[in-house]
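Structure assessment
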Amino acid sequence: MVLKIKRIKEIKEYVIEKENITLLEALNYIKENTDPTLAFSWGCRSGVCGSCAVRVNEKEVLACEYKVNHEDIAEPLKNMESVKDLVVLHDAALNKNKKAYAYIKSFKNDVVTEDDEKLNEVQSDCILCSSCYSACPVFSVNEEFLGPFALTRVWKYTVDKREGDTKSNIDAVQSNGVWDCTLCNECTVVCPQGISPKQDIEKLRAKSSQFGYMDPNFGSFGGFGNDFGLSF
Ligand code: FES
């Protein structure tokens, strides 16, 4: 089996004398047998820590879960600073969480019931792999976009009963936030935990409307009369 890996400016091909293995096993095989300089990240080997996320054939996967195929092309996550080979810095994605205030800002001491927990139990399963951040096409036109990673976490805290200032959550995601998403669903497709940032962004939009916000693009279409050549 041949595995191709994008390294800095070239694609290198590696022959692996094994079949039916995960990408992480293949990378370790290469490091032990062919190229000790190959750099990649991993931790738990069981889909829990999120540190092994990479792209294969232009889709984000966890290397420890993905079964590698002949002639697959592996490359580092997008939208983040590359360190070496398949290793990236996650700082850009994590900084967007800070910028979006994706945490509880005004703690309210309240009893959280099992039913309350269900409101954000899916979002709480996030393993911080940044796959959604990598898959988002909006960053190619707007680097300031908060992105699916931060926005889905903002939703998580917006529905948390212990957040005493929900409005400030919503205020923080108006600029370069919920209205800048194209709802393409790429983030949802690649999430290894089955979280749908797209749906959470839609819920944040609905919540924004409750607080009096509206899509800033809505008023920039020029009016129906002009678009249809009619005047009202
Ligand atoms: Fe932890 Fe893959 S090594 S998720």
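Everything discussed here concerns the structure shown above.
A cluster of like negative charges, contributed by E114, E117, E121 and D125, occupies part of the molecular surface. On the basis of relative accessibility, which here comes to 41%, the residue D125 falls in the partly exposed class.

Of the pairings in the sheet, the one linking strand β1 (residues 2-7) to strand β5 (residues 72-75) comprises 3 bridges and is parallel in character. Directly across from I5, in β5, lies its bridge partner A74. Examined bridge by bridge, strand β3 (residues 53-56) and β5 share 2 bridges and lie antiparallel to one another. Residue pairing across strands places R55 opposite E75, the latter belonging to β5.

Turning next to helix α1 (residues 23-33). For α1, the complete set of buried residues consists of L23, L24, A26, L27, N28, Y29 and I30. Contact partners of the buried residues in α1: β1, β2 (10-15) and β3.

Let us now look at the packing of helix α5 (residues 147-158) against helix α8 (residues 197-210). In contact at an axis separation of 9 Å, α5 and α8 are set at 55 degrees when each is read in the N-to-C sense. It follows from the interaxial angle that α5 and α8 lie oblique. For the crossing formed where α5 meets α8, the hand is left-handed. Within the contact between the two elements, α5 uses P148, L151, T152, V154, W155 and T158 and α8 uses P197, D200, I201, K203, L204 and K207. Broken down by class, the residue content of the contact of α5 with α8 amounts to 7 nonpolar, 2 polar and 3 charged.

Let us now look at the environment of V122. One can find V122 in the loop between α3 (114-118) and α4 (131-135). For V122, a relative accessible area of 38% gives the class partly exposed. Linking V122 and S196, residues 74 residues apart in sequence, is a C-alpha distance of 8.8 Å. Excluding anything up to four places from it in sequence, V122 contacts G194 and I195.

Okay, the sheet that holds strand β4 (residues 59-62) next. Strand order in the open sheet formed by 5 strands is β2-β1-β5-β3-β4, and the pairing between neighbours is mixed. Looking at which strands have only one partner, the edges of the open sheet turn out to be β2 and β4. With direction set aside, neighbouring strand axes in the sheet form an average angle of 35 degrees. One ladder, built from 4 bridges, connects β3 with β4; its direction is antiparallel. Each residue of the ladder has a partner; that of R55, found in β4, is E60. Sheet contacts for α1: β1, β2 and β3; angle to β1, the most-contacted strand, approximately 80 degrees.

Taken as a whole and judged by the stated rule, the model has 14 salt bridges. Between E13 and K4 there is a salt bridge; the shortest N-O distance is 3.9 Å. Residue K4 is classed as buried on the basis of its relative accessible area of 17%. With its nearest N and O atoms 2.8 Å apart, the salt bridge here joins K99 to E144. Pair noted here: K99 is in helix α2 (residues 91-99) and E144 is in the loop between α4 and α5, with a separation of 45 residues, a long-range link. Taking relative accessible area as the criterion, K99 reaches 45% and is therefore assigned partly exposed. For E144, a relative accessible area of 38% gives the class partly exposed. Linked by salt bridges that have partners in common, K6, R55, E60 and E75 make up one network.

Moving on, we come to the nonpolar core. For soluble globular proteins, the rule of thumb is that nonpolar side chains tend to be buried together. The biggest cluster of nonpolar side chains holds 54 residues, and the ones touching the most others in it are L3, I5, I16, L23, L27 and L151. Elements with a contribution of two residues or more to this core: β1, α1, β3, β4, α4, α5 and α8. With 6 residues, the top contributor of residues to this core is α1.

Definitions and limits used
Residues numbered from 1 in each chain as written. Predicted model: local features only at pLDDT ≥ 70, side-chain atom pairs only at ≥ 80, totals over all residues. Heavy atoms only, no water. Patch = residues over 30% accessible without salt bridge, like charges linked within 9 Å, V, L, I, M, F, W, Y side chains within 5 Å. Areas by Shrake-Rupley, 256 points an atom, 1.4 Å probe, with all protein chains shown as cover. Salt bridge = Lys/Arg side-chain N within 4 Å of Asp/Glu carboxyl O. Lys, Arg positive; Asp, Glu negative; His and termini not counted. Charge placed at Lys NZ, Arg CZ, Asp CG, Glu CD. Buried < 20%, exposed > 50% of the residue type's maximum accessible area, 1.4 Å probe, protein only. Pairing = 2+ DSSP bridges. Helix = DSSP H or I, 4+ residues; strand = E, 2+ residues; numbered from the N terminus. Contact = heavy atoms within 4.5 Å. Axes fitted to C-alpha atoms, helices over the stretch in contact; angles between N-to-C directions. Parallel < 35°, antiparallel > 145°, perpendicular 65-115°, else oblique. Left-handed = near helix turned anticlockwise from the far one by under 90°. Nonpolar A, V, L, I, M, F, W, Y, C, P; charged D, E, K, R; others polar. Core = buried A, V, L, I, M, F, W, Y, C linked by side-chain atoms within 4.5 Å.

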